[in-house]
Amino acid sequence: MPGTLFRLELRPQIPAALSRLNDLASNLMYSWDRDIRGVFWRLDKELWRACGNNPKLFLRRVPQSVLVAAADDDDFLQDYNGALASYDSYLAADAKPEVLEHLQPGQDLIAYFCAEFGLHESLPIYSGGLGILAGDHCKAASDLGVPFVAVGLLYREGYFIQTIDSLGRQIATPQTANFDELPISIVRDTKGSELRVSVPIADRIVQLRVWRADVGHISLYLLDADLPENGDADRGITQQLYGGNTDTRIQQEIVLGIGGVRALRALGLAPSAWHINEGHAAFMILERVREHVARGRDFEAALEEVASGTVFTTHTPVPAGHDIFHHAQINWFFQQLLPQFGADEKRLLGLGADGHGETRFNMTALALRGSRFHNGVSKIHGGVASQMERSLWPQIKPDENPIGSVTNGVHLPTFIARAWTQLFHDSLRGWRNKLLDVDYWRRLDEIPDHRFRAVRRQLKRDLLIDIVERITRQHRRNELPEALIAQATQHIATHDTRTLVLGFARRFATYKRATLILRDPARLSRLLNDPQRPAILIFAGKAHPKDQPGQDLIRQLHEMSLRPEFIGRLFMVEGYDMLLARNLVQGCDVWLNNPEYPQEASGTSGEKAGINGVVNLSVMDGWWAEGYQAAPAQNGFAIQPVLDANIRDAEESRQLLDLLEHEVAPRYYGSAGDGYSDDWLQLSRNSMKSLIPRFNSSRQVIDYVRGYYGPAAKASAKLSAADGKLASELSQWKQRVLQAWPGVSLRLAEPPAQVVSTGERLPLSVQVQLNGLAADELRVECRVGRVDSLGAFQVERVLDLQPGAAGLYQSEIEPLSGLQHYQIRAYPQHAAQAHRFELGAMIWL
C-alpha cells in the first residue's frame, strides 16, 4: 500500500441526557450486568461487536448522530434509566449478613493478590483458569459487600489471539493493549500527580505506575513498569503475562508482591488479612516482614506476625505449575533488600526450601511458610496438596496437616445465560438473593417443560450460529475450497437444535487429555454419524505457546476434523476467549471433561455448563467428585478413575464412549427421537438445582470469609497487639520447642490391660521425657477406634491425658464395644497457634 496511513479518531460529545454512560462504561460491573451491556448494544450492535464488547472504546467511536437520536428516544431512555437505577442500587447496597458475622467494613480489609484477573474480554490481563477464578472471586466479593481490594499487574500483552492455520498449527498473536482504551484509570495522589511506587530489583530502582479498575464495590489496583524513567529492560517487566524466562518471572513477582504491598501503603490502605492466590505473589511476605523489622521487630517475630494474617491458596497439583528460582537469582535480584530482612542468607533462602534440591527456591514453599491459613481448591486437591507439601510438617500425617480446601465456584451472573435470567425473572423472583439457598432452587421443577425446553433449544441455536460463523471464517482464511467449507458446516448451518451437541473447551494441557475420545476413532465415527441419534463434537481451547505437546493435540484434532468420517461432525474452533467460552458452556448439551486423576485441582468449566442446564460427563476428579449425584436425582454422568497408568487411557476412553453410546444418546433423544426428552430435561434440571447453590462463587467467597479471612484477621489483630508482644512470644516458644523436641520421648508408665469387662474403664499412664518443656506445653492424646477390612485404623474417639507431676500424663478410657485399638501421641500446643499442627512436630508411642 503506497503512502502512510495516518490514524484519526473522531470522538463524539455525549448528550447531557446520557451523561452517565461514562459511569456505566467505567465500572466492570458491566461484565456481569446484562442490562448495562444492553444499553451499549442497543445503540449500535455492530459497533459494539467490533469494539470487542468494550464500552469505553465504544463511546469513543459511536457516531454523534446515534447518541443524539438515543437522547430523544423514550424507549432507549427507559432502558438507560433502568440500567442506571440498577447500577446505583447495587453500589448503595450494604454488606450481606453472612459477611458481617466475620468482617467489619471500615475495620477489616482483605487484600487479594494474583498474577492475572479474568474479569471480561475488554480487560485482557488473563491467560486461563486462574485468572477467570480470580475475576469471579472479585465479583462475588463485590456482590457480598466484602471489604476487599485486589492487586495485580497491568500487561501490555496479557492474552494472545489464537488462530489455527491450514496444517492445524496454533498461531499465537500477542494482543497488545492500549491502556487508554481499557476500563482503568491512573491513580493520582492528593496533589493530582500520578501515584508512583518504587521497588529495588537487582542493582536498580524500578518505578511503577498504579492503575485502578472498578469492579462493582471493590477496586483492583494494577502495577505498570512501562515508564520512561525505567530502562528498556525494566519497562518490559510487565510487558507480557507469563512471558520471558525465569529472570523475567522473578522480576514480575517482585513487582507484584513487593510493589503491590508498597502500592497499598501509598494508597493509605491497611489490610487486616492478605490472600496470596497462587505462589506468584508470595514475595509480599518478605516485604511485610521487612516493614516490621524496620520498626524494630526481630525477623522471627515479624514472620510470625505476618503469617498470622496471611491466607495462601494453591491451585495446581502439577509440579510444573509451581515457580522455582535458583538461589543465585534470589541473591542477585534481592541484593538491595536482603540486608533489610533482619536474618542471615541461610534463613531467608530456607523459606523457599522444598526438599528437592539445595539451591531451589520454591514460591509455594515460601507462601506456605509465610502464611497460617492454606487451602487447595477442591476436597481432592486439598488432599493432594497436603501430600505434596508434607515435608513442611514432617511428623504430621498429610491428612491432618494444615492444608484445607475451599472448592472453587463460578460467578453466576457472569456465566448464566440471559435466556435463563429472563425466565427466572418470570418464575423465580428474587433469585439473585437466594444463591446459597439449596431448597430455593428446587423450584426449578415448577418451570413448565415447554419453557425449559425452549430455553435449552434457544441457547443451542445461538451457539450453532456462532460456530458456523467462526468455522467459515477460519477455513476461508486458510483458503479451503468453498465446497469443503460447505461440507464442514452442513450439519450446523441449518441451526437444527435436535442434534446432540458435545463440548470440550479448556486449556490444552496434556493431562486434560483432549484427545482421549479419539482412542477408538471408528467407534466415535459411528456414534457421531448415527442416522437415528447423530451428534456433533466441538473442541476449543488454547495451548501455552511454549507447550508443544499441547499444541500437538490441537493439530491432531484439526486433522481429524477434516477427515471424511468426521468432517461436519467434529470441530476444532480457533480463537478461544471468554466470549466463545460463555457461548459453549451455555449452548452445548453435554460437557466433557476427562483429566488424569488426580491432576484436576478443581476445574470450573463444568460448573459454568452445569448452571446452564448442560449435563456433565466427567472423570470423578476436582469439583465433579463433590458435585456428581447418582440416581434418583442424577445430575450427570461419571467416569470412574483408573489408577493404573498402563491401562488408564484405554479403560477411561472405553467408559467415556460407553456412556455416550448407551446412556447419553438414548436418554437425550428418547423414544420420539427429537432430542430433549422428558428424561433428559430432568437431568438438566437436576444439574441446575444441585450445582447453582453449591458451586457459585458467592458460596466460595463466604467459605473463605468464614474459614480463612475472618480467622486470619482476628489472628493478625491478636498477634499484632501491644507492639507484637504475642507474636514475639509465639516465635520464641516455637524456637524453644523445636530445639528441645529431639529429646522429647514417650513410654508407658504401666503396661495397660488388654481385656476389660463391661462397665470398667482402662487406666492409662504415660511417662513423658519433657526435655525442659513445661507439662502444659505438650498435649498427649489417646485415639480410640477400629481397624477396618482394609487394615486402616478408623478413629472413633479422642481423649486427652491430663498432665501431672514429673511428666506423668494419665487418663481413663471408656472403651467401645467389642474389639478395638488405640494409639497414643504427643505434640506441642500453644493457644496462639492458628492450627494445632502448624509446628510439624509429633511423636507416637
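Here's a quick rundown of the structure.

### Some thoughts on the overall build of the chain
The secondary structure content of the chain amounts to 28 helices and 27 strands. In terms of C-alpha radius of gyration, the chain reaches 29 Å, essentially the compact-globule figure of 28 Å for 845 residues. Taken over the C-alpha atoms alone, the chain extends approximately 90 × 70 × 50 Å along its principal axes. For the chain, the proportion of its 845 residues judged to be buried stands at 58%. Taking the contacts inside the chain whose residues are at least 6 apart along the sequence as the reference set, 72% of them involve residues at least 24 apart. Summing over all exposed atoms, the chain offers an accessible surface of approximately 34,000 Å²; the carbon and sulfur share of this is 49%. Side chains of the chain carry 90 positive and 100 negative charges; the gap between the two charge centres is 1 Å.

### Some details on the sheet that holds strand S27 (residues 843–844)
Read across the sheet, seven strands follow the order S21-S22-S25-S24-S23-S26-S27 without closing on themselves; strand pairing throughout is antiparallel. In this open sheet, the two edge strands, each paired with only one partner strand, are strand S21 (745–748) and S27. As defined by bridge partners, strand S26 (residues 821–828) adjoins S27 across two bridges and the pair is classed as antiparallel. Among the inter-strand pairings, Arg 825 is bridged to a residue of S27, identified as Trp 844.

### Focus on the packing of aromatic side chains
Going through the model one piece at a time under the given rule, you end up with 29 aromatic pairs. Seen in terms of ring centroids, Tyr 668 and Trp 680 are 5.5 Å apart; in terms of plane orientation they differ by 90°. Their pairing is edge-to-face. One end of the pair, Tyr 668, is in helix H26 (residues 648–669); the other, Trp 680, is in helix H27 (residues 678–691), with 12 residues separating them in the sequence. Each member of the pair Tyr 668 and Trp 680 is classed as buried. Where Tyr 704 meets Tyr 709, the ring centres are 5.7 Å apart and the plane angle is 25°; that geometry is what we call stacked.

### Observations regarding unusual backbone geometry
Tyr 597 connects to Pro 598 through a cis peptide bond whose omega is 0°. Mapped onto the fold, Pro 598 is located in the loop between strand S18 (590–593) and helix H24 (605–610). Note that the residue after Ala 631, namely Pro 632, is joined by a cis bond; omega there is 15°. Note that Pro 632 resides in the loop between helix H25 (624–627) and strand S20 (636–639).

### Some details on the pattern of salt bridges
Counted under the stated rule, the structure contains 68 salt bridges. Glu 663 is the partner of Arg 667 in a salt bridge, and the nearest nitrogen-oxygen pair spans 3.8 Å. Here Arg 667 and its partner Glu 663 are both found in helix H26, four residues apart, which amounts to about one turn of the helix. Notably, a salt bridge pairs Glu 777 with Arg 736, separated by 2.4 Å at the nearest N-O pair. Here Arg 736 lies in helix H28 (residues 697–740) and Glu 777 lies in the loop between strand S22 (762–769) and strand S23 (778–787), a separation of 41 residues in the sequence. Residue Glu 777 is classed as buried on the basis of its relative accessible area, which comes to 11%. By sharing partners, the salt bridges in this structure join Arg 7, Glu 9, Arg 11, Arg 60, Arg 61, Asp 180 and Glu 181 into a single network.

### Quick notes on the sheet that holds strand S17 (residues 570–573)
Ordered by their spatial adjacency, six strands build an open sheet running S17-S16-S15-S18-S19-S20, and the pairing between neighbours is parallel. With one partner strand each, in any of the chains shown, S17 and S20 form the two edges of the open sheet. When the angles between neighbouring strand axes are averaged without regard to direction, this sheet yields 20°. By the bridge criterion, four bridges tie S18 to strand S19 (residues 615–619) in an arrangement that is parallel. Looking at the pairing, Leu 592 lines up with Leu 617 of S19. Against the sheet, helix H19 (residues 449–477) engages strand S15 (500–505), strand S16 (535–540) and S17, with an angle of about 70° to S17.

### Observations concerning the pairing of strand S6 (residues 196–201)
Where S6 lies against strand S7 (residues 204–215), six bridges are found, and the strand directions are antiparallel. The partner of Arg 196 across the bridge, within S7, is Arg 209. As consecutive antiparallel partners, S6 and S7 are separated by two residues, and within that stretch Ala 202 has a phi angle of approximately 55°, a positive value.

### As for the state of the cysteines
What the rule picks out here adds up to zero disulfides. For the unlinked cysteine Cys 114, the closest cysteine sulfur is that of Cys 138, found at 8.3 Å.

### Considering the environment of Leu 643
Residue placement: Leu 643 occurs in the loop between S20 and H26. Owing to a relative accessible area of 65%, Leu 643 belongs among the exposed residues under this scheme. Sequence separation between Leu 643 and Gln 556 is 87 residues, and the spatial gap between their C-alpha atoms is 26 Å. With near-sequence residues (within four places) excluded, Leu 643 lies in contact with Tyr 597 and Arg 648.

What counts as what
- Residues numbered from 1 in each chain as written.
- Predicted model: local features only at pLDDT ≥ 70, side-chain atom pairs only at ≥ 80, totals over all residues.
- Heavy atoms only, no water.
- Helix = DSSP H or I, 4+ residues; strand = E, 2+ residues; numbered from the N terminus.
- Rg over C-alpha atoms; globule rule 2.2 N^0.38 Å.
- Buried < 20%, exposed > 50% of the residue type's maximum accessible area, 1.4 Å probe, protein only.
- Contact = heavy atoms within 4.5 Å.
- Areas by Shrake-Rupley, 256 points an atom, 1.4 Å probe, with all protein chains shown as cover.
- Lys, Arg positive; Asp, Glu negative; His and termini not counted.
- Charge placed at Lys NZ, Arg CZ, Asp CG, Glu CD.
- Pairing = 2+ DSSP bridges.
- Phe/Tyr/Trp six-rings, centres within 6.5 Å; stacked < 30°, edge-to-face > 60°.
- Salt bridge = Lys/Arg side-chain N within 4 Å of Asp/Glu carboxyl O.
- Axes fitted to C-alpha atoms, helices over the stretch in contact; angles between N-to-C directions.
- Disulfide = S-S within 2.5 Å.

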